[in-house]
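# Descriptive structure summary
If you want the building blocks of each chain, they are given just below.
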Amino acid sequence: MNISEKLKKCRLDNNMTQADVAEKLNVSRKSISGWENNRNYPDISNLVTISKLYNISLDDLLDDDRIVQHYKMQTKINHSNRYITTFFYIMNIVFLLLGYIELFKLFNINIILIPLLLLVNTVLLLIHYDNWHNLSNKKPMIKITLTFILHLIVGAIIFEFALGYGFVINLDHEDVNFINGFLTGKFFLLILLTISFTSVFFLHPTRKN
């Protein structure tokens, strides 16, 4: 009996529907169906939860050469992906700091490519981050939303203050079209910085939410 057959049998033996199991594991019913129809496998954390839910040992569940090979390969992939994610996470911090310098023109430094580099790095970090299930609950999502909004508001207030005192640009001696383009670019950069700042707090490769 392969693991998909075992999962289905255990569920039926416990008088549970796929929806019941999905709710217990905080996954979709489609995921449960995929596991029971041999289309894919549960990850290690879900497998541990399943063994407790069905009161069956992990040894019994893993008594299938295919899934053992699957988890060995998955472990290698996860380790590789973790290194990649860590790299993009560190670069995210670097570009975040450079982004603040660019936003407020600190030290009279102008780094034109920072918005583009910040955008590319943030997208790559989001693509390679593999702990999204830890952020799917209501509490982490509220924290993420509040952090995003707070940073955006505080950043806008500080930028407006700096703009008013001429720290960023002298509005009295610039063309209107230039100023409009300048402010649009800065607003776009502030959005990117807000996403990047939020990522630093919530997308750490080893973070447990």
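Structure: see above.
Read on for an overview of the structure. Quantities reported herein were computed from a predicted structural model and do not represent experimental measurements.

### Quick word on the overall build of the protein chain
Helices and strands together make up the secondary structure of the protein chain, namely nine helices and zero strands. Reading the secondary structure of the protein chain in the N-to-C direction produces α-α-α-α-α-α-α-α-α. The buried share among the 209 residues of the protein chain stands at 36%. For the protein chain, long-range pairs separated by at least 24 residues make up 69% of all intrachain contacts whose partners lie at least 6 apart in sequence. Accessible surface computed for the protein chain: about 13,000 Å², of which carbon and sulfur atoms make up 63%.

### A few points about the environment of Thr 198
Within the secondary structure, Thr 198 sits in helix α9 (residues 176-202). Residue class for Thr 198 comes out buried when judged on its relative accessible area of 8%. Linking Thr 198 and Leu 146, residues 52 residues apart in sequence, is a C-alpha distance of 9.6 Å. Ignoring any residue separated from it by four or fewer positions in sequence, one finds Thr 198 in contact with Ile 144, Thr 147 and Phe 148.

### Some points on the pattern of salt bridges
Scanning the entire structure with this criterion turns up three salt bridges. Taking the shortest distance from any N to any O, the salt bridge between Asp 13 and Lys 9 comes out at 2.9 Å. With Asp 13 and Lys 9 both in helix α1 (residues 3-13) and four residues apart, this pair spans about one turn of that helix.

### Considering the side chain of Thr 194
Its place among the elements puts Thr 194 in helix α9. Contacts of Thr 194, omitting those with residues within four sequence positions, involve Phe 148, His 151 and Leu 152.

### A look at the packing of helix α7 (residues 114-128) against α9
Across the interface, α7 lies against α9 with an axial gap of 10 Å and an inter-helix angle of 35°. Taken as a pair, α7 and α9 cross one another with a handedness that is left-handed. Across the interface between the two elements, Pro 115, Leu 118, Leu 119, Thr 122, Leu 125 and Leu 126 of α7 pack against Phe 188, Leu 189, Leu 192, Leu 193, Ile 195, Ser 196 and Ser 199 of α9. Of the residues in the contact of α7 with α9, the class split is ten nonpolar, three polar and no charged.

### Re the packing of aromatic side chains
Tallied over the full model, the rule gives three aromatic pairs. Plain terms: the ring middles of Phe 87 and Phe 88 are 5.5 Å apart, the flat faces sit at 65° to each other, and that makes the pair edge-to-face. The buried category is assigned to Phe 88, whose relative accessible area is 12%. Centre to centre, the rings of Phe 197 and Phe 201 are 5.0 Å apart; their planes meet at 50°, and the pair counts as tilted. Here Phe 197 pairs with Phe 201, and both are found in helix α9, just four residues apart, close to one helical turn.

Cut-offs applied
- Here the residue numbering is sequential within each chain, running from 1 through the sequence in written order.
- Selection of residues for local features in this predicted model requires a pLDDT of at least 70, selection of side-chain atom pairs for listing and counting requires 80 or more, and totals for whole chains, interfaces and linings are taken over all residues.
- Side-chain metrics rest on all non-hydrogen atoms present in the structure, leaving aside hydrogens and water.
- Strands here mean DSSP runs of E at least two residues long; helices mean DSSP runs of H or I at least four residues long; both are numbered from the N terminus.
- Throughout this description, buried means an accessible area under 20% of the type-specific maximum (1.4 Å probe, protein chains only), exposed means over 50%, and partly exposed covers the range between.
- Contact definition: two residues touch when any of their heavy atoms are within 4.5 Å.
- Where accessible areas are quoted, they stem from the Shrake-Rupley method and a 1.4 Å probe; at the residue level, only the protein chains shown are allowed to cover.
- One side-chain nitrogen of Lys or Arg within 4 Å of one carboxyl oxygen of Asp or Glu is enough to make a salt bridge.
- Here an angle of 0 to 180 degrees is reported between the N-to-C directions of two axes, which are lines fitted to C-alpha atoms, with helices fitted over the stretch in contact.
- Crossing handedness: left-handed means the near helix sits turned counterclockwise from the far one by under a right angle, and right-handed means the same turn made clockwise.
- Each residue gets one label: Ala, Val, Leu, Ile, Met, Phe, Trp, Tyr, Cys and Pro are nonpolar, Asp, Glu, Lys and Arg are charged, and the others, such as Gly, are polar.
- Whether two aromatic rings pair depends on their centres lying within 6.5 Å, for rings of Phe, Tyr and Trp, where Trp uses its six-membered ring; planes under 30 degrees apart make the pair stacked, over 60 edge-to-face, and the rest tilted.

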